[in-house]
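# A structural walkthrough
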Amino acid sequence: MTTKVLYFASLREALGSSGEEISLPAGVATTGALRDLIAARGEPWSQLARAKNLRCAVNQAMVGFDAAVQAGDEVAFFPPVTGG
Amino acid sequence: MTTKVLYFASLREALGSSGEEISLPAGVATTGALRDLIAARGEPWSQLARAKNLRCAVNQAMVGFDAAVQAGDEVAFFPPVTGG
Amino acid sequence: MSVSVQEADFDVGAEIAALTAGNDNAGAVASFVGLVRGGEIEAMTLEHYPAMTEKALAGIVADARGRWELLGVRVIHRVGRLLPGDRIVLVVVSSTHRHDAFAACEFIMDYLKTQAPFWKLEQTAAGSHWVDARESDDAALRRWSDAQ
Amino acid sequence: MSVSVQEADFDVGAEIAALTAGNDNAGAVASFVGLVRGGEIEAMTLEHYPAMTEKALAGIVADARGRWELLGVRVIHRVGRLLPGDRIVLVVVSSTHRHDAFAACEFIMDYLKTQAPFWKLEQTAAGSHWVDARESDDAALRRWSDAQ
């Protein structure tokens, strides 16, 4: 079972992707570890590691980078929100 | 030249008057002195002296009972406001 | 005219739209509508001091404009006989900044409640009575002396 | 449904009236409308995270209901392409007490600004750019941790 990963707004544009399905390797169990896994691919993905104030959500709830992630979750990475 | 005196709301009802013209006697130069002058007539006017939280305005601006009053002014006495 | 005292009802949406029409800087519009509460009340009559009311409201609006950066302010207060659910008062404030709009709108309501010469006569099955001023309204006013 | 995310515009007056219809206790209705500011901006596109937006807004509304005595809450946020002067967001809160209505309305806006997944892409003559988050919005949020 894979984990759905979504990218939004300026991050989506910078990565050239709105999302993907990722099979979590052993040892990748938090949002922070997932971010680092993706960033380790090199450009443009390394922007995930450099992004100022990167935010993330697991299953549509905002969480920190120490939050647990498992197969079947929907994880989203995005810049600070600017609605309203 | 007289001074116009107005009464509003529950005070108007209690006095049975919405206003009158008063010639200020010598020595009556403040809203407080004017109030006492009217209250000294006895019932129902003495209610002016007993009224809890009586408010007053001179020329349509809320003032205290030490505010100056002179002939030609419009003075209003009323209970605390309850609009909005 | 930014302040009106009238017997007629008002159109909240139209007033809000009118306040920002033609001004592209107004990113924030805060508003307040006060309504006649029901319960035991069958009707309410609002008395006012005609020569003073608009003057008092205009003074409150001027105070608010001195404290915050406002683009537009609209105040409407009804007088006469009203029924439960009827609109009594409208305050609309537009600004570049939402906090200024909110603060000024609440400030105007707090001052209106304690400084503008309106009085409510409530009619219930048991008869009519003048509404008492509330200490909570005086307390609300004092907040503005301490801070924003 | 008290929360909507939609491309269509909304009718502010109708939304305010609908929130208090049939509830005689609502003496106070505070509302906020956010508009697209003009100036250099020719258009704005609002992107969002569809699966999360209504959930996030509903969570913010639930938080507000836990803090204040509210009778009704309505939140509408538009997405898609908007022009200067267009309405972006509406928050309406009804309560028995005006301070609760004002506080909850501002609270919801402050949380929406920092917690709901919307992003603005502004289009100017010089090109398009994503709007930066503002530190003042984070500061506004922190106020609610300290006091009401």
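First, a word on scope: everything that follows refers to the structure included in this document. These figures come from a predicted structure and were not determined experimentally.

This part covers the overall build of chain A. When helices and strands are tallied, chain A shows three helices and five strands. Counting from the amino terminus, chain A carries its helices and strands in the arrangement β-α-β-α-α-β-β-β. For 84 residues, the compact-globule estimate of 2.2 N^0.38 gives 12 Å, and chain A sits close to it at 12 Å. Seen along its three principal axes, the alpha-carbon backbone of chain A occupies a region of about 35 × 30 × 20 Å.

Next up on the list: the overall build of chain C. For chain C, the count of helices and strands is four helices and eight strands. Order of helices (α) and strands (β) in chain C, N terminus to C terminus: β-α-β-β-α-β-β-β-α-β-β-α. Across its three principal directions, the C-alpha atoms of chain C cover 50 × 35 × 30 Å. Considering chain C as a whole, with its 148 residues, one finds that 57% of them fall into the buried category. Partitioning the contacts of chain C with sequence separation of at least 6, the portion at a separation of at least 24 is 79%. Total accessible area on chain C is roughly 6,000 Å²; 47% of this is exposed by carbon and sulfur atoms. Placing the 14 positive and 21 negative side-chain charges of chain C at their respective mean positions leaves the two points 1 Å apart.

We now examine the pattern of salt bridges. Under the criterion given, the structure shown has 28 salt bridges over all chains. As a salt-bridge pair, Asp 36 of chain B and Arg 35 of chain B come within 3.1 Å of each other at their nearest N and O atoms. The exposure class assigned to Asp 36 of chain B is partly exposed, which follows from its relative accessible area of 41%. Two residues, Asp 137 of chain C and Arg 98 of chain D, come together in a salt bridge whose shortest N-O distance is 3.0 Å. Of this pair, Asp 137 of chain C sits in helix H4 (residues 135-146) while Arg 98 of chain D sits in helix H3 (residues 98-115), which puts the two residues in different chains. You can call Arg 98 of chain D buried: its relative accessible area is 9%. Among the charged side chains, a salt-bridge network with shared partners connects Arg 98 of chain C together with Glu 106, Asp 110, Arg 134, Asp 137 and Arg 143 of chain D.

When chain C is fitted onto chain D, the two copies agree to an RMSD of 0.0 Å after a turn of 180 degrees and an axial shift of 0.0 Å. Between the two chains, the operation in question is that of a two-fold axis. Identified as the residue of chain C closest to the rotation axis by C-alpha distance is Gly 13 of chain C, at 1.9 Å. Interface residue correspondence from chain C to chain D reaches 100%, placing this contact among same-surface, isologous pairings.

Listed per partner, the contact involves 35 residues of chain C and 35 residues of chain D. For the pair chain C and chain D, the two sides together bury roughly 2,700 Å², of which 53% comes from carbon and sulfur. It is Arg 37, Arg 98 and Phe 102 of chain C that lose the most area in chain C upon contact with chain D, and together they represent 27% of the buried surface on that side. The interface formed by chain C and chain D includes four salt bridges. Note that Asp 110 of chain C and Arg 98 of chain D form a salt bridge whose closest N and O atoms lie 2.7 Å from each other. Taken together, the connections running from chain C to chain D amount to 13 residue pairs in polar contact (both at pLDDT 80 or more). Those elements that provide at least two residues to the side of chain C that touches chain D are helix H1 (12-20), strand S2 (28-35), helix H3 (98-115) and H4 of chain C.

For the rest of this paragraph, the subject is the sheet that holds strand S3 (residues 55-58) of chain A. Residues and elements named next belong to chain A. In space, the five strands of this open sheet follow the order S2-S1-S5-S3-S4, with mixed pairing throughout. Single-partner strands in this sheet number two, and they are strand S2 (19-22) and strand S4 (61-63). For this sheet the average axis-to-axis angle between neighbouring strands, irrespective of direction, equals 25 degrees. Summarising the sheet, strand S1 (residues 3-7) and S2 pair through four bridges and their orientation is antiparallel. Counted as the bridge partner of Lys 4 is Glu 21 from S2.

Bringing the arrangement of the chains into the picture now. Ranked by contact count, the leading pair among the three pairs of chains in contact consists of chains C and D. Across the gap from chain B to chain D, with no contact made, the nearest C-alpha atoms are 10 Å apart.

On to the sheet that holds strand S5 (residues 74-78) of chain B. Residues and elements named next belong to chain B. One open sheet holds the five strands; their spatial order is S2-S1-S5-S3-S4, and the pairing between them is mixed. Every other strand in the sheet has two partners, leaving strand S2 (19-22) and strand S4 (61-63) as the edge strands with one partner each. Going across the sheet, the axis of each strand differs from the next one's by a mean of 25 degrees, ignoring polarity. Looking at chain direction, strand S3 (residues 55-58) and S4 are connected through three bridges and run antiparallel.

The next subject is the interface of chain A and chain D. Counting residues at the interface gives 20 residues for chain A, matched by 25 residues for chain D. Interface area, chain A with chain D, both sides summed: about 1,800 Å², of which 59% is carbon and sulfur. Put simply, chain A and chain D have one salt bridge between them. The closest approach of N and O atoms between Glu 47 of chain D and Arg 12 of chain A, which form a salt bridge, is 2.4 Å.

Quick notes on the rules
Residue positions are given per chain, counted from 1 along the sequence in the order it is written. Following the order in which they are written, the chains are lettered starting with A and the ligands numbered starting with 1. Only residues with pLDDT of 70 or above have their local features reported here, since the model is predicted, and side-chain atom pairs are shown and tallied only from 80 upward, although totals for entire chains, interfaces and linings are computed over all residues. Note that the side-chain values use all heavy atoms of the structure and ignore hydrogens as well as water. By definition, any uninterrupted DSSP run of H or I lasting at least four residues is a helix, any uninterrupted run of E lasting at least two residues is a strand, and each is numbered from the N terminus. In this treatment the radius of gyration is a C-alpha quantity, and the globule benchmark scales as 2.2 Å times the residue count to the 0.38 power. Partly exposed describes any residue whose relative accessible area lies between the buried limit of under 20% and the exposed limit of over 50%, with all areas from a 1.4 Å probe on protein chains only and scaled to the type maximum. In what follows, a contact means two residues having at least one pair of non-hydrogen atoms within 4.5 Å. Using a 1.4 Å probe, accessible areas were evaluated by the Shrake-Rupley method; residue-level cover was limited to the displayed protein chains. By the counting scheme adopted, Arg and Lys are positive, Glu and Asp are negative, and His together with the chain ends is not counted. All charge positions are set by atom: Lys at NZ, Arg at CZ, Asp at CG, Glu at CD. Between Lys or Arg on one side and Asp or Glu on the other, a salt bridge is scored when a side-chain nitrogen of the former is within 4 Å of a carboxyl oxygen of the latter. Fitting of the copies onto one another was done by least squares over C-alpha atoms, counting residues only where both copies have pLDDT of at least 70. We define buried area as the total accessible area lost by two parts upon association, computed with a 1.4 Å probe and summed across both. Pairing of N or O atoms within 3.5 Å defines a polar contact, subject to two protein rules: one partner must be a possible hydrogen donor and the other a possible acceptor, and residues neighboring in sequence count only if both atoms are side-chain atoms. A pair of strands is treated as paired once DSSP finds two or more bridges between them. Here an axis means a line fitted to C-alpha atoms, over the contact stretch when the element is a helix, while the angle between two N-to-C directions is reported on a 0 to 180 degree scale.

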